[in-house]
Amino acid sequence: MIFQGKPGGVEGFVPDCLIFDVDGVLIDSSASYPEMIRIAVEREWEAAGFIADAPGYSAPLDAVFKRHGGFNDDAHIAWGLLNIMASRDHGSGRLSECAPAPAELETIIFRCDTGSARRWLEKNYAERFPLGRVAEKCMEIYHGSGGRPGVYTTEKPMLNAWWGDLPLPAYVFTGRSSSEWELAKVMLSWGDFPDERAVTSDSGMLKPSPEGLEHICRRFGHETPLFFGDTASDRMSFEAFGKGGFVAIGNNLGNWTPNFPCVRDALSNLIGWRG
Ligand SMILES: [Mg+2]
């Protein structure tokens, strides 16, 4: 492992910039994206003539997807789950019978390679629910539509500091689209964060690939970034990049060291920041 322990400690690692994942690191979206998936799954399941007699998504299912590493796009999760459930329907059309339990889901997606979750789903499951429509519905639920507020309104900032006051140059590598990142910027009061410092999903640079980290370091001349993430796909991007250090935030990556409940604690403990 490239970085275990304190920068400047036994391995002499000194970070030259900070790169942040957004959800679960800068923004608490624990109530928004899983809720978006739940609503999308239930509505689309019913729209297809099935019966939504159980919740379409849950925190335990979300944890299974987030531990896998290949499912970094929540609209893809809603789409994949709908098609997996449709393949399990034996005539009743009941969501309660077709939804996999968390342990079953783990067994199902265990076979999926982390670099190609979308292709794996397309290859193994009939596309009863088309990706384009599900993704569009997810965005309506997230941003709000038809007078209904978007689920993004339940999000909260996890760091209350201006990006320019952080102790090292700050960058963002997120699976959010640029429009979703704009909402996060407002929530963080980072409205002046420069576009070129953020890699969003619009760029095509997606975790668990290391491209976003490579792009930032190449463009701004950094060698040893400290990357903050909360899910397996973040850790895998870092491991594929192979330079700098990775800090796990929150509970998803409990066996990774260092691991902190929030960015402020991490910066304070790792580089003595008292901002
Ligand atoms: Mg995240």
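Structural data are supplied above this passage.
What counts and how
- Residues numbered from 1 in each chain as written.
- Predicted model: local features only at pLDDT ≥ 70, side-chain atom pairs only at ≥ 80, totals over all residues.
- Helix = DSSP H or I, 4+ residues; strand = E, 2+ residues; numbered from the N terminus.
- Rg over C-alpha atoms; globule rule 2.2 N^0.38 Å.
- Buried ≥ 20, exposed ≤ 12 C-beta atoms within 10 Å, placed from the backbone.
- Contact = placed C-beta atoms within 7 Å.
- Pairing = 2+ DSSP bridges.
- Axes fitted to C-alpha atoms, helices over the stretch in contact; angles between N-to-C directions.

> Residue-level account of the overall build of the protein, with values.
Scanning the protein for helices and strands turns up eleven helices and ten strands. For the protein, the C-alpha radius of gyration of 19 Å lies close to 19 Å, the compact-globule estimate for 275 residues. When the 275 residues of the protein are sorted by exposure, 43% land in the buried category. Nonlocal contacts in the protein, meaning residues at least 24 apart in sequence, comprise 70% of its contacts between residues at least 6 apart.

> I'd like a description of the sheet that holds strand 8 (residues 225-229), backed by residues and values.
On the basis of which strands lie adjacent, the open sheet formed by six strands has the order 7-6-1-8-9-10 and parallel pairing. The strands lining the two open edges of the sheet, one partner per strand, are strand 7 (198-199) and strand 10 (259-260). One ladder, built from two bridges, connects strand 9 (residues 245-249) with strand 10; its direction is parallel. Paired with A248 across the strands is N259, a residue of strand 10. Set on the sheet, helix 9 (residues 211-220) makes contact with strand 1 (17-20), strand 6 (170-173), strand 7 and strand 8; between it and strand 6 the angle comes to about 155°.

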